[in-house]
Amino acid sequence: MSLLHPDRLFPAEPAQRAIARRLFAEVEHLPIVSPHGHTDPAWFASNQPFDNPAALLIQPDHYVFRMLYSQGVPLHSIGLAGQGETEPVATPEAVWQTFAEHYHLFRGTPTDLWMRHVFGEVFGIEEPLTAASAARYYATIDTALRTEAFRPRVLYERFNIDWLATTEAPNDDLRHHAALQADPWPGRVITTFRPDPVLDPEFEGFDDNLATLGELTGEDTQSWTGYLAALENRRAYFRAHGATATDHGHPTAATADLSPAEAQRLFERVRRGEVSAADAELFRAQMLTEMARMSVHDGMVMQLHPGSFRNHNANIFSRYGRDKGADIPVRTSYVQALKPLLDRFGNRSDFTLILFTLDESTYSRELSPLAGHYPCLRLGPAWWFHDSPQGMMRFREQATETAGFYNTVGFNDDTRAFLSIPARHDVARRVDCTFLARLVAEHRLLEDEAAELAVDLAGNLARQAYKLS
Amino acid sequence: MSLLHPDRLFPAEPAQRAIARRLFAEVEHLPIVSPHGHTDPAWFASNQPFDNPAALLIQPDHYVFRMLYSQGVPLHSIGLAGQGETEPVATPEAVWQTFAEHYHLFRGTPTDLWMRHVFGEVFGIEEPLTAASAARYYATIDTALRTEAFRPRVLYERFNIDWLATTEAPNDDLRHHAALQADPWPGRVITTFRPDPVLDPEFEGFDDNLATLGELTGEDTQSWTGYLAALENRRAYFRAHGATATDHGHPTAATADLSPAEAQRLFERVRRGEVSAADAELFRAQMLTEMARMSVHDGMVMQLHPGSFRNHNANIFSRYGRDKGADIPVRTSYVQALKPLLDRFGNRSDFTLILFTLDESTYSRELSPLAGHYPCLRLGPAWWFHDSPQGMMRFREQATETAGFYNTVGFNDDTRAFLSIPARHDVARRVDCTFLARLVAEHRLLEDEAAELAVDLAGNLARQAYKLS
Amino acid sequence: MSLLHPDRLFPAEPAQRAIARRLFAEVEHLPIVSPHGHTDPAWFASNQPFDNPAALLIQPDHYVFRMLYSQGVPLHSIGLAGQGETEPVATPEAVWQTFAEHYHLFRGTPTDLWMRHVFGEVFGIEEPLTAASAARYYATIDTALRTEAFRPRVLYERFNIDWLATTEAPNDDLRHHAALQADPWPGRVITTFRPDPVLDPEFEGFDDNLATLGELTGEDTQSWTGYLAALENRRAYFRAHGATATDHGHPTAATADLSPAEAQRLFERVRRGEVSAADAELFRAQMLTEMARMSVHDGMVMQLHPGSFRNHNANIFSRYGRDKGADIPVRTSYVQALKPLLDRFGNRSDFTLILFTLDESTYSRELSPLAGHYPCLRLGPAWWFHDSPQGMMRFREQATETAGFYNTVGFNDDTRAFLSIPARHDVARRVDCTFLARLVAEHRLLEDEAAELAVDLAGNLARQAYKLS
């Protein structure tokens, strides 16, 4: 029996399922546009074989290890090394066995859908993953990874990827993107400018980051004007390496529009390192508006991903560092928060700000009314914990009636799990077709309109919004 | 092909669809009760032909131009004149063409449902609206509007309207309602008392509004007691012109119950024009409780519509004024906010306060538990951005299990788009029948109970709650 | 015609209904595990007949009288005596008649489902409850209650209850649980430690409660260390009477982790009775962390039920007291609130904290991400106003994709309405089977996985989480 049913995620009701199938047939084989993600550009620059199955599929996937950890599996058993950890880090084979033994935990989660797609479609496995089949799984995957067919560039082509954006820190040298630009390989792997480490005074190593920023750009990042010039410089550097977008992962959506003199005084307080929590927040807020100003000039699309309380688990953070499944969403507000930025740039059609949220209560209350009015605003897809069938459906159900489809930007896979990219786009396309099929079946939309929308949602809207062409 | 499918909005699953059809047959042709809306009473008083298609269907509809504007269509292209606007305002024909060329933006929105109903049912058009058909559409509608059959009173009767409430400012002279009262035409067009301009110190022209209020009533609106007397006077004036209800569009649901001395001192601060934001909020809060007190005496039903951040777009507001699609909902709280008012009047069955929200997270958390306990409270229907199929469904799904059906008040069309009134009630009745059909199909409700409920939701509950008889 | 359809609450679509039926067949007759509720242990200790139908089914059910009251039925008509009430309290027969005359108010609410189950399954009634049938209903139920078959212990056995937890105040002598322990009757009725009256400085009679606590334990509850020792003493006393869990009904989820010196100073302020609202909140917050600390030592499972604004209706509270249907949910936050407690104990697998909410917006935003990471956390079922078909479905839809099924703990009936316990578990099992059937029909889950989950959700997860074995 296959691990994947061809009608998965389609509605059970036969009339709607038939419509969903027809719509999906229009988009199933379209190329993948991935305008926001976290794959490693070194993979494509070097085209070296991937490491072992655990290192590829388990250890970089915070969805996986957060669930295992929540049920008492210690992180060393998942192969993560922590400061002060006395237990030995598990071998890749043992990590895989642990994963398999706990695989039932993922029932009903998108991880199960993605993993079954990777196992079934990418590796051609047909038996379910269980404690008993774990070793066979490991061997099959490990063997495959050593073959030419599983080199990163071959998979990129097999996955039919049209664009793949990675995300880099502002001081990254982008050597891999430079190498890719110089390489005859036609794959389009571009970077994204993610300046949080030099915009957020509370980011780890902020002072050092600004020093490095100064060195890289030859600007005096001790002065407000030099700091701004350095940022413009790095934006240009990123654009030269393919970037069309910036990304901002601030704790809140707060923006500010201080006078130049106020902004300069704030910067000076920040530079002296005496920054209060309120000043740090105000500085991030001001810098979002500065980024918008620069985007108006240089054309970079701006993405805002607010509302995650990062590193909530103090113990895990101190021992294992960032991105260990302990980021927790918090209530997030947009209406007052974005007003300063929108008052300056909100009415421009030549500027695009894509909004994301982890607070679903804002879909219908704030984000859709905002995006359904301001020319600069677009809504990003259901994000992170909501990148799931029900999560995507809630996004469409709660956003469409006010924002329509055309104020949304298609799908982001947002992943570092390269092998799951086809799975994630497959889920998104199926959910969109299911949503559209319902509208058709309830005579709210004609089927030819739905077919056009399915194609737009599967790639065109992302190309337009992210200026990929 | 017709623009409207007879089964639109019904569930696709055949058993539920059959039930929904049967329920809808019971309510499809019932008269329309419209207890809250924004049509112009002059239409019915004068019975003059409507203006051109753009002026009637596009320009007064903020749902339409907010969507067009969000996708970069400038407001002058939609026929709106703005201060400092250098581009010529488009002709009605050009406005219509622009609308048609962007009509795909409305896919999946209630605007599409309403418009297709207006085109198909009111004007008998059968072809879809496209760039190519736009001129034919314009001609058809424009021609129809010049005929007797499209005079306001004829349409009122054709639409089978039983009651139609408009909304007027407190200093309005109500001349049109007076004319209608003196007219033998049997249509029931009544007013609603909307005193925000004289209750909210932050309302544009508040001081002038109070001066006018004083002149109209012969009361000294410089004194607290005179101000209260003037409000009582205007309430009586509105009641004499048919009003059964008041309506309050405050930024929040805050209420207060100050001592008379405190209230008087607050009023004096407000009158001196030195009002802080906190005082303005407290004054509005106190005035809601004063309005409740007056309602207990004069029997007027009170409606509270909080939670809209009005005129969010500073640039649009300064150039085009209010109501230009730039009002954005914000998080709204009711539980602590309403307590002062409820502590005084909450246990009365002879007082009715109808609550609305733009913050859907309050349906199940706050509004239904409140309305399912306090005798004075009822829940208004899904409002504004949520006046849509999914929005209405969320309201029923999230409100019914705690508040039941009988603590709700049926439908409000809340519109100034007169020709869409039948469309909006049609959508509401279909969604309610769909919701009820599901309960019947899942054996949570008997079909005869559902049929009784469908009729109550289609009109009886509105008549009772708004005292229309 | 039966009052209950065998397919009630199953999806209408035939393929999903067939799956739901098969899944439900696996769980329909499983024993009931009720790890959290409010039945009276005296019933089982004394095994005396229940009182009349109104006293058993109407008066203790706040869902019932809040709905009646909301529609203008005075509390004396429902048989409740209030201070200063001049109207005579209605007789049981009159209460029943009033209930029947207003029974249509419950359409679409879980009360209707529960009541029909009690009437149809427990009492074998087949006619609907109406004004006309009310007297027959009363007679049938009243007669039944006088028979041996309706003694509490017989019903406990007939209902196939495996475990039944009651909830007692910390100073309760637990005499009924002691009697049950000494009794050969094999029913398992255990207590739960609910210390709010001695942890919350704003609880009615807090000072007296602490004095009593001191007397009962022989500890000096005037001192911080004595107070803590007294709490440990009572926890041990409750454990000796079967308790495996504590329960905490705080206004918010705030926790704190003060130094011992700070905690002691705070306690001294509290003991002097000069407690500010902020100090009261901080004290409750600190005490949650102290309770967690004690749980780590003594193994008691901790339940947190925050977010209810108790006794919102001042008039009803002063005349009728607590628990009169006037508790209203408020917005509730968990992420920052729980951090102090989680920083200390969050990474322990030998400690369990079960979180509940009345603020559904936290399911996907806060609770599932937290429970999907911290080993100590589990999610309680949809609570109180959300203990309803749509409410449970929203919980599964919003929690499962991030927290999975295994970070949830099955069902709580949470009721003092003993006769409705089978009804409530029946509803929960049906809704879970409906949710699972959809996942199977949409090929997100295999049917054998769903069957295993149905059984786990129906009892195993509760047994594990609450340590019932």
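Here, every reference points to the structure presented above.
Residues numbered from 1 in each chain as written. Chains lettered and ligands numbered in written order. Predicted model: local features only at pLDDT ≥ 70, side-chain atom pairs only at ≥ 80, totals over all residues.

Asks: Can you lay out the overall build of chain A for me, pointing to particular residues and giving the numbers?
Replies: The secondary structure content of chain A amounts to 20 helices and nine strands. Relative to the 2.2 N^0.38 estimate, which gives 23 Å for 469 residues, the radius of gyration of chain A is 23 Å and therefore close to what a compact globule would have. Its C-alpha atoms give chain A principal-axis dimensions of about 70 × 60 × 45 Å. Pairs at least 24 apart in sequence give 76% of the contacts found in chain A among residues at least 6 apart. (Helix = DSSP H or I, 4+ residues; strand = E, 2+ residues; numbered from the N terminus. Rg over C-alpha atoms; globule rule 2.2 N^0.38 Å. Contact = placed C-beta atoms within 7 Å.)

Asks: Got a sec to walk through the interface of chain B and chain A? Specific residues and values, please.
Replies: Tallying the contact residues gives 40 residues for chain B and 37 residues for chain A. When residues of the side of chain B that touches chain A are assigned to their parent elements, the largest contribution, four residues, is made by helix α4 (residues 62-70) of chain B.

Asks: Please provide a residue-by-residue account of the environment of proline 53 of chain B, values included.
Replies: Residues and elements named next belong to chain B. Of note, proline 53 is situated in helix α3 (residues 53-58). Distance from proline 53 to leucine 288, taken between C-alpha atoms, is 39 Å for residues 235 residues apart in sequence. When near neighbours in sequence (up to four residues on either side) are disregarded, proline 53 contacts Pro92, Trp96, Tyr138, Ile141, Asp142 and Leu145.

Asks: With reference to specific residues and values, describe helix α13 (residues 260-271) of chain A.
Replies: Residues and elements named next belong to chain A. Helix length check: α13 (12 residues) gives 16 Å between terminal C-alpha atoms against 16 Å at 1.5 Å per residue, within 8%. The inward-facing, buried residues of α13 contact α12 (224-240) and α14 (277-298). In the segment just after α13, glycine 273 is the residue with positive phi, at about 75°. (Expected span 1.5 Å × (residues − 1).)

Asks: Outline the environment of glycine 72 of chain B, supporting the account with residue identities and numerical values.
Replies: Mapped onto the elements of the fold, glycine 72 of chain B is located in the loop between α4 and α5 (92-101). According to the C-beta neighbour criterion, glycine 72 of chain B is partly exposed, with 14 such atoms within 10 Å. Excluding residues that lie within four positions of it along the chain, glycine 72 of chain B makes contacts with Ser349 and Pro375 of chain A. (Buried ≥ 20, exposed ≤ 12 C-beta atoms within 10 Å, placed from the backbone.)

Asks: Describe the relation of the copies chain B and chain A, with residues and values.
Replies: For the pair chain B and chain A, the relating rotation is 120°, the translation along its axis is 0.0 Å, and the fit reaches an RMSD of 0.0 Å. Here the symmetry operator amounts to a three-fold rotation axis. With a heterologous cut-off of 20% or less, the 5% of interface residues of chain B that recur at the interface of chain A puts this contact in the heterologous class. (Least-squares fit on C-alpha atoms with pLDDT ≥ 70 in both.)

Asks: Can you break down the interface of chain A and chain C residue by residue, with the values?
Replies: At the interface, 40 residues of chain A touch 38 residues of chain C. The leading source of residues in the side of chain A that touches chain C is helix α4 (residues 62-70) of chain A, at four residues. Here the residues of the side of chain A that touches chain C sort into 17 nonpolar, 15 polar and eight charged. (Nonpolar A, V, L, I, M, F, W, Y, C, P; charged D, E, K, R; others polar.)

Asks: Can you explain the packing of helix α19 (residues 421-441) of chain C against helix α20 (residues 447-465) of chain C? Please cite residues and give values.
Replies: All names here are of chain C. At a minimum axis distance of 10 Å, the contact between α19 and α20 shows a crossing angle of 160°. In terms of their interaxial angle, α19 and α20 are classed as roughly antiparallel. The handedness of the crossing between α19 and α20 is right-handed. Counting all contacts with α19, which are made through Arg429, Asp432, Cys433, Leu436, Leu439 and Val440, the residues of α20 involved are Glu447, Ala450, Leu453, Ala454, Leu457 and Ala458. (Axes fitted to C-alpha atoms, helices over the stretch in contact; angles between N-to-C directions. Parallel < 35°, antiparallel > 145°, perpendicular 65-115°, else oblique. Left-handed = near helix turned anticlockwise from the far one by under 90°.)

Asks: Just give me the short version of helix α5 (residues 92-101) of chain C, but keep the residues and values in it.
Replies: Along α5 of chain C, the residues classified as buried are Val95, Trp96, Thr98, Phe99 and Ala100 of chain C. As for α5 of chain C, its buried residues are in contact with α3 (53-58), α4 (62-70) and α7 (134-145) of chain C.

Asks: Tell me what's going on with the sheet that holds strand β5 (residues 301-304) of chain A, and back it up with residues and numbers.
Replies: Residues and elements named next belong to chain A. Spatial ordering of the open sheet is given by β4-β5-β8-β9, a layout of four strands whose pairing is parallel. In the strand order of this sheet, the two ends are held by β4 (245-248) and β9 (377-379), each with one partner. The sheet shows a mean angle of 25° between the axes of neighbouring strands, direction not considered. Across four bridges, the pairing between β4 and β5 is parallel. Residue alanine 245 lies in a different strand from β5, and its bridge partner there is valine 301. Here α14 sits on the sheet in contact with β4, β5 and β8 (353-355), set at roughly 175° to β4. (Pairing = 2+ DSSP bridges.)

Asks: Now, about the relation of the copies chain A and chain C: what can you tell me, with residues and values included?
Replies: Once chain A has been moved 0.0 Å along the axis and rotated by 120°, it coincides with chain C to within an RMSD of 0.0 Å. With a heterologous cut-off of 20% or less, the 5% of interface residues of chain A that recur at the interface of chain C puts this contact in the heterologous class.

Asks: Account for the sheet that holds strand β1 (residues 32-34) of chain C, naming residues and giving values.
Replies: Taken in spatial order, the three strands line up as β1-β2-β3 (chain C) in an open sheet, and their pairing is parallel. The strands lining the two open edges of the sheet, one partner per strand, are β1 and β3 (189-190) of chain C.

The quantities given are spatial measurements derived from coordinates; they are silent on function.
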